[in-house]
Amino acid sequence: MYTGLQHAHSGLAYLALAALVLVIIYALIGSLSGRAFTEKDRKIAMIAFILSHTQLLIGLILYFVSPLGFSLLTGGGAMSDSAARLTALEHPLINIIAIILISVGYIRAKKLVDSRAKFRSIYMLYAIGLVLILSRIPWAAWLG
């Protein structure tokens with residue numbers, strides 16, 4: 001189960017990151033062109049929203065079943081080792097904050113009236129969320 005979750009978490013990360021980048025670019029173009037925000041635009045933003053939330057859910061499950069997650073915090077010594085601190089604390093905490101920002105961007109865009117403001121809400125908050133996610137990816141473990 002652990003290996004399957006780990007592969008799902010790593011594989012879905014590519015899709016979630018690609019979707020976030022594409023939605024940010026799409027919303028930025030929509031905002032700059034001054035076109036109307038349509039149901040299609042909302043659904044495109046929802047794709048990245050769903051993928052990022054699914055990624056978070058798999059990550060949280062993995063965090064509690066992994067020997068490198070929550071058990072590092074309870075075993076002690078994680079704060080003195082930067083790799084252990086990234087895995088046990090920084091990666092999950094910052095990514096939860098990033099998903100909250102993505103959620104706020106999507107929910108806020110649904111409630112706004114002006115099309116430009118809707119696009120702006122999506123591209124700004126999704127972009128901040130993406131930067132936070134990219135800042136806390138364990139690149140050595142993911143690429144190596």
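As a reminder, the structure under discussion sits directly above these lines.
These remarks concern the structure in this document. Every value quoted in this text rests on a predicted model; they were computed, and no experiment measured them. (Residues numbered from 1 in each chain as written. Predicted model: local features only at pLDDT ≥ 70, side-chain atom pairs only at ≥ 80, totals over all residues. Heavy atoms only, no water.)

1. Some words on a nonpolar patch on the surface
And then number 1: On the surface, Phe64, Phe70, Leu73, Met79, Leu89, Leu93 and Ile97 cluster together into a nonpolar patch covering about 610 Å² of accessible area.
And then number 2: Elements supplying a minimum of two residues to the nonpolar patch: helix 3 (70–75) and helix 4 (82–111).
And then number 3: Tallying contributions element by element places helix 4 first for the nonpolar patch, with three residues.
And then number 4: Within the secondary structure, leucine 93 is located in helix 4. (Patch = residues over 30% accessible without salt bridge, like charges linked within 9 Å, V, L, I, M, F, W, Y side chains within 5 Å. Areas by Shrake-Rupley, 256 points an atom, 1.4 Å probe, with all protein chains shown as cover. Salt bridge = Lys/Arg side-chain N within 4 Å of Asp/Glu carboxyl O. Helix = DSSP H or I, 4+ residues; strand = E, 2+ residues; numbered from the N terminus.)

2. Things to note about the nonpolar core
And then number 1: Ranked by internal contacts, the top residues of the largest apolar core, which has 30 residues, are Leu20, Ile102, Ile122, Tyr126 and Ile133.
And then number 2: Sorting the residues of this core by element identifies helix 1 (2–33), helix 2 (39–65), helix 4 and helix 5 (115–135) as the ones contributing at least two each.
And then number 3: At 10 residues, the largest contribution of residues to this core is made by helix 1.
And then number 4: Setting aside anything within four residues of it in sequence, one finds isoleucine 133 in contact with Leu17, Leu20, Asn95, Ala98, Ile99 and Ile102. (Core = buried A, V, L, I, M, F, W, Y, C linked by side-chain atoms within 4.5 Å. Buried < 20%, exposed > 50% of the residue type's maximum accessible area, 1.4 Å probe, protein only. Contact = heavy atoms within 4.5 Å.)

3. Examining the environment of lysine 118
And then number 1: Inspection of the secondary structure puts lysine 118 in helix 5.
And then number 2: Relative accessible area serves as the criterion here: at 15%, lysine 118 is assigned to the buried category.
And then number 3: Spatially, the C-alpha atoms of lysine 118 and leucine 5 are 35 Å apart, while their sequence positions differ by 113 residues.

4. Describing the pattern of salt bridges
Opposite charge on two side chains permits pairing when their charged atoms draw close.
And then number 1: Summed over the entire model, instances satisfying the criterion amount to four salt bridges.
And then number 2: As a salt-bridge pair, arginine 42 and glutamate 39 come within 2.4 Å of each other at their nearest N and O atoms. Residue arginine 42 and its partner glutamate 39 are both found in helix 2; the two are separated by three residues, about one turn of the helix.
And then number 3: Judged by its relative accessible area of 44%, glutamate 39 is partly exposed.
And then number 4: The salt bridge partner of glutamate 90 is arginine 136, with a shortest N-O separation of 2.7 Å. Remark: arginine 136 occurs in the loop between helix 5 and helix 6 (139–143) and glutamate 90 occurs in helix 4; sequence separation between them is 46 residues.
And then number 5: Put simply, Arg85, Glu90 and Arg136 are held in one network by salt bridges that share partners.

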